[in-house]
Amino acid sequence: RPRVLSGIQPTADSFHLGNYLGALRSWVDMQDTHDAYYCVVDLHAITISHEPKVLRRRSRVAAAQLLALGLDPQRCTLFVQSQVPEHPMLSWILECHTGFGEAGRMTQFKDKSSKNERVTVGLFTYPVLQAADILLYRADAVPVGEDQRQHLELVRDLAQRFNTTYGKMFVVPEAHIVKETGTIQDLAEPSRKMSKSASGPAGIIDLLEEPNRIRKKIKSAVTDTGREITYDPENKPGISNLLTIYSTLAKVSIADLERDYDGKGYGDLKKDLAEVVADFCAPIAERTRSYLDDVAELDKILLAGAEKAQAVAGATLARVYDKIGFRTPV
Ligand code: AQP
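The structure presented is a predicted model; accordingly, all values stated were derived computationally and were not measured. (Residues numbered from 1 in each chain as written. Predicted model: local features only at pLDDT ≥ 70, side-chain atom pairs only at ≥ 80, totals over all residues. Heavy atoms only, no water.)

**Q** Could you give me a rundown of the side chain of Asn241, with the residues and numbers involved?
**A** Within the secondary structure, Asn241 sits in helix α10 (residues 237-250). Judged by its relative accessible area of 5%, Asn241 falls in the buried class. Apart from residues no more than four positions distant in its own chain, Asn241 is found in contact with Ile184, Gln185, Asp186 and Leu187. (Helix = DSSP H or I, 4+ residues; strand = E, 2+ residues; numbered from the N terminus. Buried < 20%, exposed > 50% of the residue type's maximum accessible area, 1.4 Å probe, protein only. Contact = heavy atoms within 4.5 Å.)

**Q** Explain the packing of aromatic side chains to me, using residue names and the numbers behind them.
**A** Scanning all chains against the criterion turns up 10 aromatic pairs. A ring pair is formed by Tyr321 and Phe326, whose centres lie 5.1 Å apart and whose planes are at 85°; its orientation type is edge-to-face. Residue classification places Tyr321 among the buried positions, given a relative accessible area of 13%. Grouped by ring-pair contacts, the aromatic residues Tyr37, Phe79 and Tyr137 constitute a single cluster. Over the face of the ring belonging to Tyr261 we find Lys264, whose NZ or CZ atom lies 5.3 Å from the ring centre. (Phe/Tyr/Trp six-rings, centres within 6.5 Å; stacked < 30°, edge-to-face > 60°. Lys NZ or Arg CZ within 6 Å of the ring centre and 35° of its normal.)

**Q** Just give me the short version of the site of the ligand, but keep the residues and values in it.
**A** Taken together, 23 residues are adjacent to the ligand, and Lys112, Asp147, Lys193, Ser195 and Ser197 come closest. With respect to the ligand, the backbone of Ile184 contributes an N or O atom lying 2.8 Å from a nitrogen atom. Burial of the ligand by the protein chains amounts to 96% of its free accessible area of 630 Å². Here the shell around the ligand takes 4 residues from helix α1 (residues 17-30), the largest share from any one element. (Near = heavy atom within 4 Å. Polar contact = N/O pair within 3.5 Å; in protein donor to acceptor, adjacent residues only side chain to side chain. Areas by Shrake-Rupley, 256 points an atom, 1.4 Å probe, with all protein chains shown as cover.)

**Q** I'd love a proper account of the packing of helix α4 (residues 86-95) against helix α7 (residues 121-136), names of residues and values included.
**A** Packing of α4 against α7 leaves a shortest axis separation of 8 Å and a crossing angle of 120°. Relative to α7, α4 is oriented so that their crossing is right-handed. Along its contact with α4, which presents Glu86, His87, Pro88, Leu90, Ser91, Leu94 and Glu95, the element α7 presents Thr125, Val128, Leu129, Ala131, Ala132, Asp133, Leu135 and Leu136. Of the residues belonging to the contact of α4 with α7, the class tally is 9 nonpolar, 3 polar and 3 charged. (Axes fitted to C-alpha atoms, helices over the stretch in contact; angles between N-to-C directions. Left-handed = near helix turned anticlockwise from the far one by under 90°. Nonpolar A, V, L, I, M, F, W, Y, C, P; charged D, E, K, R; others polar.)

**Q** A description of the environment of Pro85 should follow, citing residues and the corresponding values.
**A** Within the element layout of this structure, Pro85 appears in the loop between β3 (76-80) and α4. Pro85 gets classed as partly exposed once you look at its relative accessible area, which sits at 49%. Each C-alpha atom, one on Pro85 and one on Ala313, is 9.0 Å from the other, the two residues being 228 residues apart in sequence.

**Q** Lay out the UniProt feature "binding site: L-tryptophan" (unreviewed entry) in the chain in plain terms, naming residues and giving numbers.
**A** In the numbering used here, UniProt assigns the "binding site: L-tryptophan" (unreviewed entry) feature to Asp133. You can call Asp133 buried: its relative accessible area is 3%. Setting aside anything within four residues of it in sequence, one finds Asp133 in contact with Leu5, Val41, His44, Gln81 and His87. At a separation of 2.9 Å, a polar atom in the side chain of Asp133 contacts the side chain of His44. (UniProt positions renumbered as here; feature names shortened; annotations may be inferred.)

Below, the structure is given as structure tokens:
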């Protein structure tokens with residue numbers, strides 16, 4: 001079986017609909033087709049300022065949500081990144097093979113550093129740590145949203161560079177980006193992506209949110225001028241975004257939706273979509289709560305995951321040490 005690895009940051013109290021539709025949905029599906037490794041990337045989460053207590057809670061909530069969404073510890077390896085110290089170790093080695101200018105071209109860094117007052121070296125080297133996450137597991141595929149495409153290109157470049165310099169070592173991974181849902185837009189500002197850090201409360205739907213708040217947000221989503229319900233992301237980004245969400249969650253094609261809503265108004269579509277999204281999120285929130293009711297069991301799952309992950313990561317790192325000219329790790 002080909003191998004898959006992906007990670008998600010525990011930087012909010014809930015994942016949002018963009019995280020689910022862009023990436024997490026594929027994580028669940030790929031458990032059946034791949035040897036799957038998934039991690040809560042708490043090392044990445046401290047690249048921006050954080051509170052220790054909050055981070056500890058969010059890491060657990062993140063893992064509980066992933067289980068609630070359908071990750072099954074029998075079919076995948078789920079772990080928390082900081083419990084596998086091979087990640088920062090390989091990251092350091094890769095940093096020493098990354099050009100300063102090359103890292104400086106990452107648009108996510110430019111974006112985030114222009115918004116934050118405190119810009120750390122960790123935020124700058126973030127994509128290199130991401131490369132280490134992926135290359136340690138020799139992953140073939142990495143399911144992510146469109147916003148990660150550039151980082152994945154860097155990972156591929158680093159893997160190739162290392163292989164050329166030291167002899168074949170890493171698998172060069174492919175980004176797995178689902179075209180239709182690769183970018184879910186902000187509900188209030190449909191010209192930009194739904195985002196934990198940049199979206200205001202009206203623009204983002206959290207999976208753990210109250211059903212009534214979800215309904216309200218969908219009903220007040222910004223739509224476009226005109227009345228026609230047609231999929232046209234360029235000219236009608238708002239309504240097209242709603243159609244994408246509807247189509248994916250309800251498993252109906254966009255063409256069918258366009259036909260069903262022919263002659264109806266935006267309000268009708270939003271009213272129905274509000275129910276679809278609220279019905280989708282409610283059981284996830286309930287299952288998340290029940291995983292969080294038994295924190296000891298949750299921590300056991302994560303520890304078992306970390307042990308399995310470390311067996312793979314440790315073996316890769318030992319080979320890298322050998323190639324680099326380090327002594328065997330003890
Ligand atoms: N709007 C989105 N549409 C589709 N996919 C998305 N992803 C994020 N936003 C969208 C994908 O979700 C995965 C997890 O992302 P992350 O851990 O990098 O989370 P994040 O970047 O903190 O999430 P945000 O909301 O994008 O936060 P900001 O904007 O603060 O950085 C990734 O695969 C990502 O592509």
